[in-house]
Amino acid sequence: ATPRTGSGRWSAAHTTQKEVPMPYSFNVIDQPWIPVLVPDDPVPRMVSLREAIMRAHEIRAISDPSPLVTISLHRLLLAVVHRCFGPADAQAWATLWAQPSFDPSVINAYLDKWHDRFDLFDAERPFYQTAGLPRELAVPVSKLTFAKSSGNNALLFDHSRDAEPEAIPADEAARLLVAYQAFSIGGLITKLPGEPTGSDSSHLVKGAVVLPRGDNLFQTLMLSVVQLDGDLDAPFAFDPRTDMPAWERDTPTPRETATDFGYLELLTWQNRRVLLFPEEAPDGQVVVRFADVLAGRAISKDLDIRRRETMVAYRLLA
């Protein structure tokens, strides 16, 4: 992550040296942040979002110590693949499967079009976040992970303290952010004035997510690609003209209970309103110590998610 030059639209709310405006940028399309394994190398390396999809046929697998991060990164990549290629039917899927890799011209055109929406610290549309949340509600960024102590969530063998929050690099913050949106746990939560204190968990917390694996990342993604045509109830009925992934939406994430949505929205579900607050460490690295974490979109309990979620195994009861 590097300070952004130019217009300087972003003003950091906290720095380690002194309180001065500071523009930051970490665009997940270009910056390495996704841990992957490549052939003949047991050590994971970091790649950008663009590289992960463009070189999916050369990558063995996404490899993160957290299964939650691993699943969430696959769902993010699947949303991009679906947006670029459909497929509208089984024949279109077979055509994609028969290719040696994803068409780079299609991938590049899409990522270039939405490039600004993938910046982790953009002032207006930060990636997977809600801009404009108040700094005074910030909590330690450890709130985004289930592997560290935070608040009343004490963990054995972890000594994180809210009074001295750990600073994490931007790439780690991006991974935790994507996973937290997909696997956040319900309960009491920080709120804006007038909002209730309770929050619903992500629907993925309540099931076992299944990820078929192929010989490489290209095959792994393709094995989870489904027919995408809401007009034909594939994978369920939705309006394909209004369905879109989170970064394409022009309005910020509301606090609401949703009763209708499309498949791309489900893959990139925004269960929380989050805002990361970047700062510069003494060594010049951009890090995150604090974040706003508020309730976002919940799925109505009257809606049968079992008929919409394609990556969770369910048992059919007589």
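Residues numbered from 1 in each chain as written. Predicted model: local features only at pLDDT ≥ 70, side-chain atom pairs only at ≥ 80, totals over all residues. Heavy atoms only, no water.

Quick word on the packing of aromatic side chains
Evaluated as defined, the whole model comprises 11 aromatic pairs. For Arg135, the ring lying beneath its charged end belongs to Phe277, and the centroid distance is 5.0 Å. Positioned over the ring face of Phe261 is Arg308, at 4.8 Å from the centre of the ring. (Phe/Tyr/Trp six-rings, centres within 6.5 Å; stacked < 30°, edge-to-face > 60°. Lys NZ or Arg CZ within 6 Å of the ring centre and 35° of its normal.)

Points about the pattern of salt bridges
Scanning the entire structure with this criterion turns up 22 salt bridges. Notably, a salt bridge pairs Asp250 with Arg117, separated by 2.8 Å at the nearest N-O pair. Of this pair, Asp250 sits in the loop between α6 (217-222) and β8 (256-258) while Arg117 sits in the loop between α4 (104-113) and β4 (139-140), placing them 133 residues apart in sequence. For the salt bridge of Arg306 with Asp304, the shortest nitrogen-to-oxygen distance reads 2.9 Å. (Salt bridge = Lys/Arg side-chain N within 4 Å of Asp/Glu carboxyl O. Helix = DSSP H or I, 4+ residues; strand = E, 2+ residues; numbered from the N terminus.)

A few points about the packing of helix α2 (residues 67-85) against α4
The contact between α2 and α4 brings their axes to 10 Å, and the two run at 110°. The angle between α2 and α4 falls in the class roughly perpendicular. Facing α2, whose interface residues are Val80, Arg83, Cys84 and Phe85, α4 presents Val106, Ile107, Tyr110 and Leu111. The class makeup of the residues in the contact of α2 with α4 is seven nonpolar, no polar and one charged. (Axes fitted to C-alpha atoms, helices over the stretch in contact; angles between N-to-C directions. Parallel < 35°, antiparallel > 145°, perpendicular 65-115°, else oblique. Contact = heavy atoms within 4.5 Å. Nonpolar A, V, L, I, M, F, W, Y, C, P; charged D, E, K, R; others polar.)

A word on the nonpolar core
By size, the foremost hydrophobic cluster in this structure holds 82 residues, and its most contacted members are Trp33, Ile34, Leu49, Phe102, Trp247 and Leu276. With residues up to four places along the chain from it excluded, the contact list for Leu49 reads Val28, Ile29, Trp33, Ile34, Leu76, Leu77, Leu111 and Phe118. Judged by nonpolar contacts, the second largest core, of six residues, contains Leu133, Ala138, Phe277 and Leu294. (Core = buried A, V, L, I, M, F, W, Y, C linked by side-chain atoms within 4.5 Å. Buried < 20%, exposed > 50% of the residue type's maximum accessible area, 1.4 Å probe, protein only.)

Brief notes about the sheet that holds strand β1 (residues 34-37)
Taken in spatial order, the three strands make up an open sheet running β2-β1-β3, and their pairing is antiparallel. Both outer strands of the open sheet, β2 (45-47) and β3 (61-62), are each paired with one neighbouring strand and no more. Two strands pair when backbone bridges link them, and β1 and β3 are joined in this way by two bridges, in the antiparallel orientation. Note on β3: the bridge partner recorded for Val36 is Ile62. (Pairing = 2+ DSSP bridges.)

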